[in-house]
Amino acid sequence: LIEANDQALAAERAFRTVVEESPELKILVRGGVVEIANPAVAHFFGLHLGDLLRADPAGLFRGVEFYSEAGEPVDLLETGRATDGHPQVVRCVVDDQPERWMEASVAFIDPDQNDYVISARNVTEERRLEALREEVRSLASHDLRSPITVVRGYLDILEKPVTDEQREKAVAAARRATERFEGLLNDLRDATRVERILAPQVMRPVELGELSRQIATSLQVGALQTIVVDAAAPLSVLGDSDRLEQAITNLVSNAIKHGPAEGTIEISVFERNGHAVVAVEDEGPGVAPEHRDTLFDRGVRGSHDTPGMGLGLYIVRIVAEAHGGNAHIEQTPGGTRFVIELPVIASEAADA
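**Q** How would you sum up the overall build of the protein? Please name residues and give values.
**A** Helix and strand content of the protein: 13 helices and 13 strands. Considering only contacts within the protein whose residues lie at least 6 apart along the sequence, 58% involve residues at least 24 apart. Taken as a whole, the protein presents about 19400 Å² of accessible surface, with 51% of it coming from carbon and sulfur.

Structure, rendered in structure tokens:
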């Protein structure tokens, strides 16, 4: 009996470990109260994990509205009974939070269907990714056409009798167009490399100060500017470290591209109004007021001389919004700075 009891306790510990490490929302309701809930649930509802245990499940979903793909209101338990526990995709609407899509299922574990397990997986990024693919295809069809037209035009010129000087100019112009074409293809490849940018990944506590220092060290090698990090206190968010790294890297790379050579780029990490802030500021001329509201839109570049397809800051905004935050530009006494703002997680969740 002692051995059987030890095995049961070990199995329960293993089960709890799996549940707590899962990126999916897991809620076990037994006896009319929440008996088990993992950190992903706490992050979704914006609560401390201790507030969830022994809570009334009806109160847990107060303020959360669920809708089907057709836009009809959905009750998770009723739909779970009707679908016999099969997953269903629902739209989640919570005040002051971005819209999210979840693939949810309800598994009943007793004949009376009073005890059950709710499982949910965030599929917002899968939908966003498909939209990004369409947008990238749209950008590619537009931007790739220009250098091809240029090359074709200079080939037509070279078919005619021309002087050596004219031939050299035509060849040089065609070469520049092919280099431009190659750069656009590289941008297109990076934008569709979903495992690096937008593929669903495991959400874990990420300490933004340490991540920013790693990025600064990596980019300093090829930068003329001095990159400094101001992160006095540890500050953690629940997120995908690879995507957050991509977003911060894009901001710093943007500062390297537009800032003056041998200047300074500062990455600041601090907390403001319950949100973690990562701000990147260089010593460049700043952004014109009429461009600040659109610079994070797709296909928008800081200037016509800037290479690329205008996806760098767009990806920053997508990553920030996917983590429940936002990306924007702030006015400073010295010019402007680019900001990513994300929800902070509780210190006990960050230590878990």
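After that view, the rundown keeps rolling.
**Q** Please give an account of helix α10 (residues 208-220) that cites residues and values.
**A** Along its 13 residues, α10 runs 18 Å from first to last C-alpha, staying within 8% of the 18 Å computed at 1.5 Å per residue. Looking at α10, one finds that the buried residues are Leu208, Gly209, Leu211, Ser212, Ile215, Ala216 and Leu219. Burial along α10 is one-sided: seen end-on, the buried residues are contained in an arc of 160°. Looking at the buried positions of α10, the neighbouring elements they touch are β7 (204-207), β8 (226-230), β9 (236-239), α11 (241-258), β10 (264-272) and β11 (275-281). By the N-cap criterion, in which a side-chain oxygen at the helix start approaches the backbone nitrogen of a residue two or three places on, α10 is capped by glutamate 207, the distance to glycine 209 being 3.0 Å.

**Q** A description of the packing of aromatic side chains should follow, citing residues and the corresponding values.
**A** Across all of its chains, the model carries one aromatic pair by this definition. Measuring from centroid to centroid gives 5.9 Å for phenylalanine 108 and tyrosine 116, while their planes differ by 65°, and the two rings are edge-to-face.

**Q** I'd like a description of the pattern of salt bridges, backed by residues and values.
**A** If you walk through the whole model with that rule in mind, you get 12 salt bridges. For arginine 317, the salt bridge is made with glutamate 321, and the minimal N-O distance between the two is 3.4 Å. Residue arginine 317 and its partner glutamate 321 are both found in helix α12 (residues 312-322); the two are separated by four residues, about one turn of the helix. The exposure class assigned to glutamate 321 is partly exposed, which follows from its relative accessible area of 26%.

**Q** Go over unusual backbone geometry, please, and point to the residues and values.
**A** Despite not being glycine, asparagine 273 shows a phi value in the positive range, around 55°. Looking at the element boundaries, asparagine 273 is found in the loop between β10 and β11. You can call asparagine 273 exposed: its relative accessible area is 74%.

**Q** How would you sum up the sheet that holds strand β5 (residues 100-108)? Please name residues and give values.
**A** Adjacent strands of a sheet form backbone hydrogen bonds with each other and so pair up, either parallel or antiparallel. If you walk across this open sheet you meet the six strands as β2-β1-β6-β5-β4-β3, and the pairing is antiparallel. Both edges of this open sheet fall to β2 (33-37) and β3 (64-67), since each of them pairs with a single strand only. This sheet shows a mean twist of 35° between the axes of neighbouring strands, independent of strand direction.

**Q** Describe the nonpolar core, listing the residues and the values that go with them.
**A** Counting 39 residues, the largest nonpolar core has Ile227, Leu244, Val252, Val316, Phe338 and Ile340 as its most contacted members. When contributions to this core are tallied by element, the ones reaching two or more residues are α10, α11, β10, β11, α12, β12 (326-332) and β13 (335-343). Residue contributions to this core peak at seven residues, all from α12. Apart from the residues within four sequence positions on either side, isoleucine 340 is in contact with Ala247, Ile248, Leu251, Ala276, Val277, Val278, Val316, Ala320 and Asn326. One finds Val29, Ala37, Leu60 and Val90 within the second-largest nonpolar core, a separate group that totals 25 residues.

**Q** Describe the side chain of histidine 323, listing the residues and the values that go with them.
**A** Among the structural elements, histidine 323 can be located in the loop between α12 and β12. Among the polar contacts made by the side chain of histidine 323, one reaches the main-chain carbonyl oxygen of valine 319 at a distance of 2.8 Å. When near neighbours in sequence (up to four residues on either side) are disregarded, histidine 323 contacts Met203, Leu238, Gly239, Asp240, Arg243, Leu244, Leu342 and Pro343.

**Q** Explain the pairing of strand β4 (residues 88-94) to me, using residue names and the numbers behind them.
**A** By the criterion of burial, β4 is predominantly enclosed, with five of the seven residues buried. Of the pairings in the sheet, the one linking β4 to β5 comprises five bridges and is antiparallel in character. In the sheet register, valine 89 faces β5, and the bridge partner there is glutamate 103.

**Q** Help me get a handle on α11, residues and values and all.
**A** Helix length check: α11 (18 residues) gives 26 Å between terminal C-alpha atoms against 26 Å at 1.5 Å per residue, within 8%. Taken as a whole, α11 has its buried residues at Arg243, Leu244, Gln246, Ala247, Ile248, Thr249, Asn250, Leu251, Val252, Asn254 and Ala255. The backbone nitrogen of aspartate 242 lies 2.8 Å from a side-chain oxygen of the residue at the head of α11, namely aspartate 240.

Quick notes on the rules
Residues numbered from 1 in each chain as written. Predicted model: local features only at pLDDT ≥ 70, side-chain atom pairs only at ≥ 80, totals over all residues. Heavy atoms only, no water. Helix = DSSP H or I, 4+ residues; strand = E, 2+ residues; numbered from the N terminus. Contact = heavy atoms within 4.5 Å. Areas by Shrake-Rupley, 256 points an atom, 1.4 Å probe, with all protein chains shown as cover. Expected span 1.5 Å × (residues − 1). Buried < 20%, exposed > 50% of the residue type's maximum accessible area, 1.4 Å probe, protein only. Arc of directions from axis to C-beta. Polar contact = N/O pair within 3.5 Å; in protein donor to acceptor, adjacent residues only side chain to side chain. Phe/Tyr/Trp six-rings, centres within 6.5 Å; stacked < 30°, edge-to-face > 60°. Salt bridge = Lys/Arg side-chain N within 4 Å of Asp/Glu carboxyl O. Pairing = 2+ DSSP bridges. Axes fitted to C-alpha atoms, helices over the stretch in contact; angles between N-to-C directions. Core = buried A, V, L, I, M, F, W, Y, C linked by side-chain atoms within 4.5 Å.

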